[in-house]
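# Survey of secondary and tertiary structure
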Amino acid sequence: MNFIKTKKSQAITLDLVLAMIIFMLIISVIFFTSEIIIQKIDENQIRYDLELVSRNSFEILLNSAGNPSNWHNNSLTFNSTDIKSIGLTDGRNSLLDIKKVDFFINSFDLYYDEYLKTIGLIGFNYSLFFNITQYDINYNKLDEDVIGKVPSSKKHVLIIERLAFNTLHDRYIKIKMGVWI
Amino acid sequence: MKKGMLFTIEAMLGLLLVILLLVSIYDNISDSKLPKFSNLYLFDISNDILVLFRHSGEIDKVITTKNPNTLGIFLDYMLPYHICSSIEISDHLGTESYISFKPGCVIRNQNVVSVFGSHIIDEEIYYINIQSWISFK
């Protein structure tokens, strides 16, 4: 009895402290790793959405004539049901109608929101830009146009480059499309 | 007095399993979508090249002059810097054959996408094989 009164026992032993430190360390590592994993999943999801949306939109632009095919006629308006889809071809895949390309370049910034909807970039806060370069048959650069909203800082940007041809004027057309959030 | 060991084998095994699990999850989700999209993109750009070659008269020029070098120049000018391509044109018997690469793109990695097409010149059918891959140079 005398011994118990004089000698006090230690509530937190060295082993327990050590165990707690290790436990906290493991919990921290797991928490940190899961944060990275969640962040990576989010990034992958954004990239996957961008890839899907960009490819589908580009396919419609380069492999269709649009609906109606004379959508570039000035009498048609975007805000009604006149224009259902935008296509730059003359009806054949990757063979572009230069009048549609010119109209697209000249009217894109003016009707930016309408183009975005018609191309199919709705639902998320997508932004879009195009870089369209035209070459003659000997690869001399004839013209280069940048239209739309180019990102000012480093964001989630996906740039796809495709090639097309205009048979009427024998022009190679290189189109870069950038979609970003 | 004998002290007990804090790290038992079971605890260490458990810890190891947790770490392995986290590493495998991280490894699995990182870049999992990239190969699929890059293949689709290579397929699209190869089809573009095929259409362009057919309609620009490049294939006719190669067969007439029997010189495929112009195709390499085309690929060099028109393709994005990170995309490599080769084009092979052969007649239906395989006796006449031309091949051209984008300059600096002879060595291929394993992920190559092929697109086949045909082209008729003077009632003679020619087969076109375009192969594209991503360059890591």
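Residues numbered from 1 in each chain as written. Chains lettered and ligands numbered in written order. Predicted model: local features only at pLDDT ≥ 70, side-chain atom pairs only at ≥ 80, totals over all residues. Heavy atoms only, no water.

Bringing the environment of Val179(A) into the picture now. Relative to the assigned elements, Val179(A) resides in strand 6 (residues 171–180). The spatial distance from the C-alpha of Val179(A) to the C-alpha of Asn131(A) is 12 Å, given a sequence separation of 48 residues. (Helix = DSSP H or I, 4+ residues; strand = E, 2+ residues; numbered from the N terminus.)

A common way to express how large an interface is: the accessible area buried when the components associate. Taken together, the contact pairs 33 residues of chain B with 34 residues of chain A. Together, the buried faces of chain B and chain A total about 3,100 Å²; carbon and sulfur atoms form 71% of this surface. The interface formed by chain B and chain A holds 3 salt bridges in total. Asp48(B) is the salt-bridge partner of Arg162(A), the closest N and O atoms lying 2.5 Å from each other. Across the chain B-chain A interface, the total number found is 8 residue pairs in polar contact (both at pLDDT 80 or more). Elements that contribute at least two residues to the side of chain B that touches chain A include exactly helix 1 (9–29), helix 2 (34–56) and helix 4 (69–78) of chain B. At 12 residues, helix 2 of chain B tops the list of elements feeding residues into the side of chain B that touches chain A. (Contact = heavy atoms within 4.5 Å. Buried area = accessible area lost by both parts, 1.4 Å probe. Salt bridge = Lys/Arg side-chain N within 4 Å of Asp/Glu carboxyl O. Polar contact = N/O pair within 3.5 Å; in protein donor to acceptor, adjacent residues only side chain to side chain.)

Residues and elements named next belong to chain A. The antiparallel open sheet is built from 4 strands, whose spatial order is 4-3-6-5. In the strand order of this sheet, the two ends are held by strand 4 (141–148) and strand 5 (157–166), each with one partner. Pairs of neighbouring strands in the sheet enclose a mean axial angle of 15°, with direction left out of account. Here strand 5 pairs with strand 6 via 10 bridges, running antiparallel. Across the sheet, Val157 pairs through a bridge with Trp180, a residue of strand 6. Packing against the sheet, helix 2 (residues 14–63) makes contact with strand 3 (127–135), strand 5 and strand 6, and its axis sits at approximately 15° to strand 5. (Pairing = 2+ DSSP bridges. Axes fitted to C-alpha atoms, helices over the stretch in contact; angles between N-to-C directions.)

Attention shifts here to the pattern of salt bridges. This model, assessed by the stated rule, comprises 10 salt bridges over all chains. Here Arg55(A) ties to Asp44(B) by a salt bridge, and the two come within 2.8 Å at their closest N and O atoms. A residue pair is termed interchain when its members come from two chains, as with Arg55(A) in helix 2 and Asp44(B) in helix 2. Both residues of the pair, Arg55(A) and Asp44(B), belong to the buried class. (Buried < 20%, exposed > 50% of the residue type's maximum accessible area, 1.4 Å probe, protein only.)

It is worth spelling out the nonpolar core at this point. Phe104(A), Leu128(A) and Phe130(A) are the most contacted members of the largest nonpolar core, which totals 66 residues. Ranked by residue count, the leading element in this core is helix 2 of chain B, at 9 residues. Excluding residues that lie within four positions of it along the chain, Phe104(A) makes contacts with Leu61(A), Trp71(A), Ile86(A), Leu88(A), Tyr115(A), Ile119(A), Phe130(A), Ile132(A) and Ile147(A). (Core = buried A, V, L, I, M, F, W, Y, C linked by side-chain atoms within 4.5 Å.)

We now examine the packing of aromatic side chains. All names here are of chain A. Enumeration according to the criterion identifies 14 aromatic pairs over all chains in this entry. Seen from their ring centres, Tyr139 and Tyr172 are 5.6 Å apart, and the 20° between their planes marks the pair as stacked. Taken together, the positions of Tyr139 in the loop between strand 3 and strand 4 and Tyr172 in strand 6 put the pair 33 residues apart, joining distant regions of the chain. Grouped by ring-pair contacts, the aromatic residues Trp71, Phe103, Phe104, Phe108, Tyr112, Tyr115 and Phe130 constitute a single cluster. The residue whose ring lies beneath Arg162 is Phe58, and the NZ or CZ to ring-centre distance is 5.8 Å. (Phe/Tyr/Trp six-rings, centres within 6.5 Å; stacked < 30°, edge-to-face > 60°. Lys NZ or Arg CZ within 6 Å of the ring centre and 35° of its normal.)

Burial of strand 5 of chain A is extensive: 8 of the 10 residues sit out of reach of the surface. As consecutive antiparallel partners, strand 5 of chain A and strand 6 of chain A are separated by 4 residues, and within that stretch Asp170(A) has a phi angle of approximately 50°, a positive value.

The next thing to look at is unusual backbone geometry. A cis geometry characterises the amide bond from Asn67(A) onward to Pro68(A), with omega recorded as 0°. Tracing the backbone shows Pro68(A) in the loop between strand 1 (66–67) and strand 2 (85–86). A positive phi angle, close to 65°, is found at Ser94(A), a residue other than glycine. When you line up the elements, Ser94(A) lands in the loop between strand 2 and helix 3 (98–107). Of note, Glu123(B) is a non-glycine position whose phi angle comes to about 60°, a positive value.

All names here are of chain B. On the surface, Leu13, Leu16, Leu17 and Leu20 cluster together to form a nonpolar patch covering roughly 420 Å² of accessible area. The residue Leu17 is located in helix 1 in this model. Given a relative accessible area of 54%, Leu17 falls into the exposed group. (Patch = residues over 30% accessible without salt bridge, like charges linked within 9 Å, V, L, I, M, F, W, Y side chains within 5 Å. Areas by Shrake-Rupley, 256 points an atom, 1.4 Å probe, with all protein chains shown as cover.)

Interpretation in functional terms is not warranted from these geometric data alone.
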